[in-house]
Amino acid sequence: MKLTDNVLRSFRVAKVFRENSDKINCFDFSSNGETIISSSDDDSIVLYDCQEGKPKRTLYSKKYGVDLIRYTHAANTVVYSSNKIDDTIRYLSLHDNKYIRYFPGHNKRVTSLSMSPVDDTFISGSLDKTIRLWDLRSPNCQGLMHLQGKPVCSFDPEGLIFAAGINSEMVKLYDLRSFDKGPFATFKLQYDRTCEWTGLKFSNDGKLILLATNGGALRILDAFKGVVLHSFGGYNNSKGVILEASFTPDSQFVMIGSEDGKIHVWNAESGMKVALLDGKHTGPITCLQFNPKFMTFASACSNMAFWLPTIDH
């Protein structure tokens, strides 16, 4: 089944889960699309079965808190950042709820965490104005970059390069094998005083970069030329909330939630708005991602919603 404007417009909430007492700050689909794992400000980690549409188990990280949770390539393991006590990244086995390793180094809150799509490398960006490169097999940082401002960062879909958005005004591209030589491309964007960049993502085809903000606009750039192709606005975000924006897996559409519980969808190529979906969320939609393998997506405030299309063409 192909994703079209009409199919997107037909999506409705199929299930709502009320497992959390505070906002869900992050979630991540497994690469096979069968499960989703969420982290919340209530210090809980909830694992959902996407095929059966139900929560499977809940774990807690009461001491350190939990944020920016990401699956690794090994089944049943995740990395996540802490939002209490310290800013160490933790590597957890879900199977027996035990830590495999700690990754200390950042001394302010971690704001970006991106797992390599091809191996055990991951990168983290922090308010301490650094990006760190890690390997799951070692607690020692494999690479450290000191930056001129706060970063957002992500790997490209092939895991060969990573992009860093710095100080909400420039995007730098680095070759993973020689990042210590500096960026091979730098794109300077017009600075917008009204908002800060809160997320950076590549489309699955590697051609586009999506920049999310804590304001009322997001932008997509040509990943090769650095030109801003579209700016999308018209969604509500008056309180500076971090709203997750995402591409659909086919790279054709961009979606974002809003503080009033609605989801806005645009065509990434034409820039036209395609759909406005009402998730009936009780708070701002802080997390929103499409399933990488199945025709479903998830959105979250303090509740988690699974969506399905109501037409098939």
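Rules of the game
- Within each chain, residues carry numbers counting from 1 in the order of the written sequence.
- Since the coordinates come from a predicted model, pLDDT governs what is reported: local features require at least 70, and pairs of side-chain atoms require 80 or more to be given and counted, while whole-chain, interface and lining totals use all residues.
- Calculation of side-chain values draws on the structure's entire complement of heavy atoms; hydrogens and water are dropped beforehand.
- Working definition: helices are DSSP H or I runs of at least four residues, strands are E runs of at least two. Numbering for both runs from the N terminus.
- In this treatment the radius of gyration is a C-alpha quantity, and the globule benchmark scales as 2.2 Å times the residue count to the 0.38 power.
- Residue burial is assigned from relative accessible area. The probe radius is 1.4 Å, only protein chains are included, and a residue is buried under 20% of its type maximum, exposed over 50%, and partly exposed in between.
- UniProt positions are given in the numbering used here, feature names are shortened, and annotations may be inferred rather than shown by experiment.
- In this text, buried Ala, Val, Leu, Ile, Met, Phe, Trp, Tyr and Cys residues form a nonpolar core when linked through side-chain atoms within 4.5 Å.
- Note on contacts: a residue pair is in contact if any heavy atoms of the two residues lie within 4.5 Å.
- Two aromatic rings from Phe, Tyr or Trp, using only the six-membered ring of Trp, form a pair when their centres are within 6.5 Å; if the ring planes differ by under 30 degrees the pair is stacked, by over 60 it is edge-to-face, and anything between is tilted.
- If DSSP finds at least two bridges between two strands, the strands pair.
- For this analysis, a polar contact is any N or O atom pair within 3.5 Å, provided that within protein one partner can donate a hydrogen and the other can accept it, and provided that sequence-adjacent residues contribute only side-chain to side-chain pairs.
- The axes are straight lines fitted to the C-alpha atoms, using for helices just the contacting stretch, and the angles between their N-to-C directions are given from 0 to 180°.

**Some thoughts on the overall build of the protein**
Thought 1: Secondary structure summary: the protein contains one helix and 28 strands in total.
Thought 2: Taking 2.2 N^0.38 as the reference for a compact globule, 313 residues should give roughly 20 Å; the C-alpha atoms of the protein span a radius of gyration of 18 Å, in line with that estimate.
Thought 3: Projected onto its principal axes, the C-alpha coordinates of the protein cover approximately 50 × 45 × 35 Å.
Thought 4: The 313 residues of the protein split such that 59% are buried.

**Focus on the UniProt feature "repeat: WD" (unreviewed entry) in the protein**
Thought 1: Mapped onto this structure's residue numbering, the UniProt feature "repeat: WD" (unreviewed entry) falls at residues 17–58, 103–138 and 235–276.
Thought 2: Between the end C-alpha atoms of residues 103–138 the distance is 8 Å, and the span holds 0% helix and 56% strand.

**Looking at the nonpolar core**
Thought 1: Ranked by internal contacts, the top residues of the largest apolar core, which has 17 residues, are Leu 8, Phe 11, Ile 263, Val 265, Leu 277 and Phe 297.
Thought 2: Residue assignment for this core shows that the elements contributing at least two residues are helix 1 (5–9), strand 23 (253–257), strand 24 (262–267), strand 25 (273–278), strand 26 (287–290) and strand 28 (304–308).
Thought 3: For this core, the element with the most residues is strand 25, which contributes three residues.
Thought 4: In this view, Ile 263 contacts Met 255, Ile 256, Gly 257, Ala 275, Leu 276, Leu 277, Ile 285, Leu 288, Phe 297, Ser 299 and Trp 307; residues no more than four positions away in its chain are not counted.

**Description of the side chain of Ser 38**
Thought 1: When you line up the elements, Ser 38 lands in strand 3 (residues 35–40).
Thought 2: Overall, Ser 38 belongs to the buried group, its relative accessible area being 0%.
Thought 3: For Ser 38, the contacting residues outside a window of four places in its chain are Ile 24, Cys 26, Phe 27, Ser 44, Ile 45, Val 46, Tyr 48, Ile 69 and Met 304.

**Focus: the packing of aromatic side chains**
Aromatic ring pairs are described here by two measures, namely the spacing of the ring centres and the angle between the planes.
Thought 1: All chains considered together, the criterion is met by 19 aromatic pairs.
Thought 2: Ring centres of Phe 232 and Trp 266 lie 4.7 Å apart, and the angle between their planes is 15 degrees; on these two criteria the pair is classed as stacked. Remark: Trp 266 occurs in strand 24 and Phe 232 occurs in strand 21 (residues 228–232); sequence separation between them is 34 residues.
Thought 3: Of the residues examined, Phe 232 reaches a relative accessible area of 2% and is grouped as buried.
Thought 4: Members of the aromatic cluster, each reached through a chain of ring pairs, are Phe 11, Phe 290, Phe 297 and Trp 307.

**With respect to the pairing of strand 9 (residues 98–103)**
Thought 1: When strand 8 (residues 89–93) meets strand 9, the two strands line up antiparallel, connected through five bridges. When the bridges of strand 9 are listed, Tyr 91 appears paired with Arg 101.

**Concerning the environment of Lys 201**
Thought 1: Considering the arrangement of structural elements, one finds Lys 201 in strand 18 (residues 197–202).
Thought 2: Judged by relative accessible area, which is 25%, Lys 201 ranks as partly exposed.
Thought 3: With residues up to four places along the chain from it excluded, the contact list for Lys 201 reads Ser 154, Leu 208, Ile 209, Leu 210, Glu 244, Ala 245, Ser 246, Phe 247, Leu 288 and Gln 289.
Thought 4: A polar contact of 2.8 Å, which involves the side chain of Lys 201, links it to the side chain of Ser 246.

**Description of unusual backbone geometry**
Thought 1: At Asn 97, a position not held by glycine, the phi torsion is positive, near 55 degrees.
Thought 2: Structurally, Asn 97 can be placed in the loop between strand 8 and strand 9.
Thought 3: Since its relative accessible area comes to 37%, Asn 97 is described here as partly exposed.
Thought 4: With a phi close to 60 degrees, Ser 168 is a non-glycine residue in the positive phi region.
Thought 5: Within the element layout of this structure, Ser 168 appears in the loop between strand 15 (161–166) and strand 16 (170–175).

**A closer look at the sheet that holds strand 12 (residues 130–135)**
Thought 1: The four strands lie next to each other as 10-11-12-13, forming an open sheet whose pairing is antiparallel. Only two strands of the sheet have a single partner each, and these edge strands are strand 10 (110–115) and strand 13 (138–146). Looking at each pair of strands side by side, their axes are set apart by 20 degrees on average, direction ignored.
Thought 2: With five bridges connecting them, strand 10 and strand 11 (residues 121–126) associate as antiparallel partners. The partner of Met 115 across the bridge, within strand 11, is Phe 122.

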